[in-house]
Amino acid sequence: MDKKFAIIFAYLKELFPSPETELHYASPFQFLVAVMLSAQATDLQVNKVTDKIFKKIKKTEDLLTMGFDSFERSIKSVNYYHSKAKHIRETAKLLKQRKKIPSELDDLLKLPWVGIKTAKLVAHVLYDKPFIAVDTHIHRVSNRLWLVKTTAPEKTSELLEKRIPDEYKDHAHHALVLFGRYYCTARNPKCEDCKLQKICIHYKESFWTKWII
Ligand code: SF4
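Computed from a prediction, not measured in an experiment: that's the story for all the values here. (Residues numbered from 1 in each chain as written. Predicted model: local features only at pLDDT ≥ 70, side-chain atom pairs only at ≥ 80, totals over all residues. Heavy atoms only, no water.)

### Quick notes on the pattern of salt bridges
Per the counting criterion, the structure on display carries ten salt bridges. Across the pair Lys59 and Asp62 runs a salt bridge, and its minimum N-O distance is 3.5 Å. Where Lys155 meets Glu158, a salt bridge forms, and the shortest distance between an N and an O atom there is 3.1 Å. A residue pair is termed a helical-turn pair when its members lie 3 or 4 positions apart in one helix, as Lys155 and Glu158 do in helix 10 (residues 153-163) at three residues. Take Lys155: its relative accessible area is 38%, and that puts it in the partly exposed class. By relative accessible area, which is 35% here, Glu158 ends up partly exposed. (Salt bridge = Lys/Arg side-chain N within 4 Å of Asp/Glu carboxyl O. Helix = DSSP H or I, 4+ residues; strand = E, 2+ residues; numbered from the N terminus. Buried < 20%, exposed > 50% of the residue type's maximum accessible area, 1.4 Å probe, protein only.)

Now the structure itself:
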C-alpha cells in the first residue's frame, strides 16, 4: 500500500505542486464562514458571495454588527441561505466569547452546523492537523483507486487517515480534492491522460467492460 501511495502522491505533486483550498479567505473566521457556506454549494458559488461580504466581514464582531437581515440577504444566492445565516450568526456569537476558533475536533463539533467534515477541514487548514476531510471527490477517487472500499465518506476518512503515510498528510486532502474536481471527475474522468491507469481498479474494470460489451 505504501508503494501505491508513493506513486499516487508523486503524480499528484506533478499535477498540483502546492495544492490548497479554492475557497477565498483572509482570516481564520472568514475560512470557517466560507466552509460553512460551502455545504451543498460549489466553491465558485461561495467565492462569488464571500468576495463581496468579506470586504466588510473580517472577524466575528463585523458579522454581529452587520445585523441578521442584512447578512442573510447578502448570502441569498447560496443554497440553504436562511439556515446558514442563522447558524453562522450563532457561531459568531459563541466565538466572540471564546476569542478564537477551536483547534480540537470535539470543540469544533459543538459549533452550530459544524459536522465532522467541516471540523476536520478547519482543523487541517487552520491548525495543520493531519485530517483528511472526505468530500464527494476524495470519496470517489479513493474508491476508484482502491485505497478504500467504502460506501460512507466518514469511513473513507477514517481509513485514509490510518493508511496515508504521514509524509503525504500535509497535501493529501487538497491534492485529492483537486484531482477529483479536475481530472478524475464523476462523469468522463480523463483516464486516457492519467498516469495512474496501471494501479487504478476503476480504469481496469471499465477497460474490460468496454471489450466484453
Ligand atoms: S485512470 Fe481514470 S478513474 Fe483511474 S484515477 Fe485516473 S482518471 Fe481516475
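### Thoughts on the site of the ligand
Residues in close proximity to the ligand include Arg144, Leu145, Phe179, Cys184, Cys191, Cys194, Cys200, His202 and Tyr203, which together make up its full environment. Each residue belonging to the shell around the ligand can be placed in one class, and the counts come to seven nonpolar, one polar and one charged. (Near = heavy atom within 4 Å. Nonpolar A, V, L, I, M, F, W, Y, C, P; charged D, E, K, R; others polar.)

### Looking at the environment of Asn47
Within the secondary structure, Asn47 is located in helix 3 (residues 43-53). The sequence separation of Asn47 and Leu196 amounts to 149 residues, and the corresponding C-alpha distance is 31 Å. The contact partners of Asn47, leaving out residues within four places of it in the chain, are Glu22, Leu23 and His24. (Contact = heavy atoms within 4.5 Å.)

### Observations concerning the nonpolar core
Judged by nonpolar contacts, the single largest core of 36 residues is most densely connected at Phe29, Phe71 and Leu108. Mapped onto this core, the elements with two or more residues apiece are helix 2 (28-37), helix 3, helix 4 (60-66), helix 6 (81-98), helix 7 (105-108) and helix 8 (116-127). At eight residues, the largest contribution of residues to this core is made by helix 2. Residue contacts for Phe71: discarding those within four places in its chain leaves Ile53, Ile57, Leu63, Met66, Ala85 and Ile88. Listed in part, the 30 residues of the second largest apolar core include Val141, Leu145, Leu160 and Ala175. (Core = buried A, V, L, I, M, F, W, Y, C linked by side-chain atoms within 4.5 Å.)

### Re helix 2
Taking burial as the measure, the ten residues of helix 2 include nine buried ones, the bulk of the element. Every buried residue of helix 2 is listed here: Phe29, Gln30, Phe31, Leu32, Val33, Ala34, Val35, Met36 and Leu37. Buried residues along helix 2 sit against helix 3, helix 4, helix 6 and helix 8.

### Describing the domain arrangement of the protein chain
Splitting the protein chain by domain gives domain 1 (2-18 + 131-212) and domain 2 (28-127). Roughly 810 Å² of surface becomes buried between domain 1 and domain 2 when both sides are summed, with 64% attributable to carbon and sulfur atoms. The interface formed by domain 1 and domain 2 holds two salt bridges in total. Where Lys120 meets Glu161, a salt bridge forms, and the shortest distance between an N and an O atom there is 3.0 Å. Linking domain 1 to domain 2 there are three residue pairs in polar contact (both at pLDDT 80 or more). Mapped by element, the contributors of at least two residues to the side of domain 1 that touches domain 2 are helix 10 and helix 11 (169-182). Among the elements that take part in the side of domain 1 that touches domain 2, helix 11 stands out by supplying five residues, more than any other. The residue makeup of the side of domain 1 that touches domain 2, split by class, is four nonpolar, three polar and six charged. (Domains from an automatic or database assignment. Buried area = accessible area lost by both parts, 1.4 Å probe. Polar contact = N/O pair within 3.5 Å; in protein donor to acceptor, adjacent residues only side chain to side chain.)

### Notes on unusual backbone geometry
Generally, phi is negative for residues other than glycine and the peptide bonds are trans, each holding for most cases. Located in the positive-phi region is Tyr80, a residue other than glycine, with phi close to 55°. By the element assignment, Tyr80 lies in the loop between helix 5 (68-74) and helix 6. Notably, Trp113 is not glycine yet its phi reads approximately 70°, a positive angle. For Trp113, the position within the fold is in the loop between helix 7 and helix 8.

### Concerning the packing of helix 2 against helix 8
Two numbers describe how helix 2 lies on helix 8: the axes approach to 10 Å, and their chain directions differ by 150°. Viewed along their axes, helix 2 and helix 8 adopt a mutual orientation that is roughly antiparallel. The chirality of how helix 2 crosses helix 8 is right-handed. Every residue of helix 8 that contacts helix 2 at Pro28, Phe31, Leu32 and Val35 is listed here: Thr118, Leu121, Val122, Val125 and Leu126. (Axes fitted to C-alpha atoms, helices over the stretch in contact; angles between N-to-C directions. Parallel < 35°, antiparallel > 145°, perpendicular 65-115°, else oblique. Left-handed = near helix turned anticlockwise from the far one by under 90°.)

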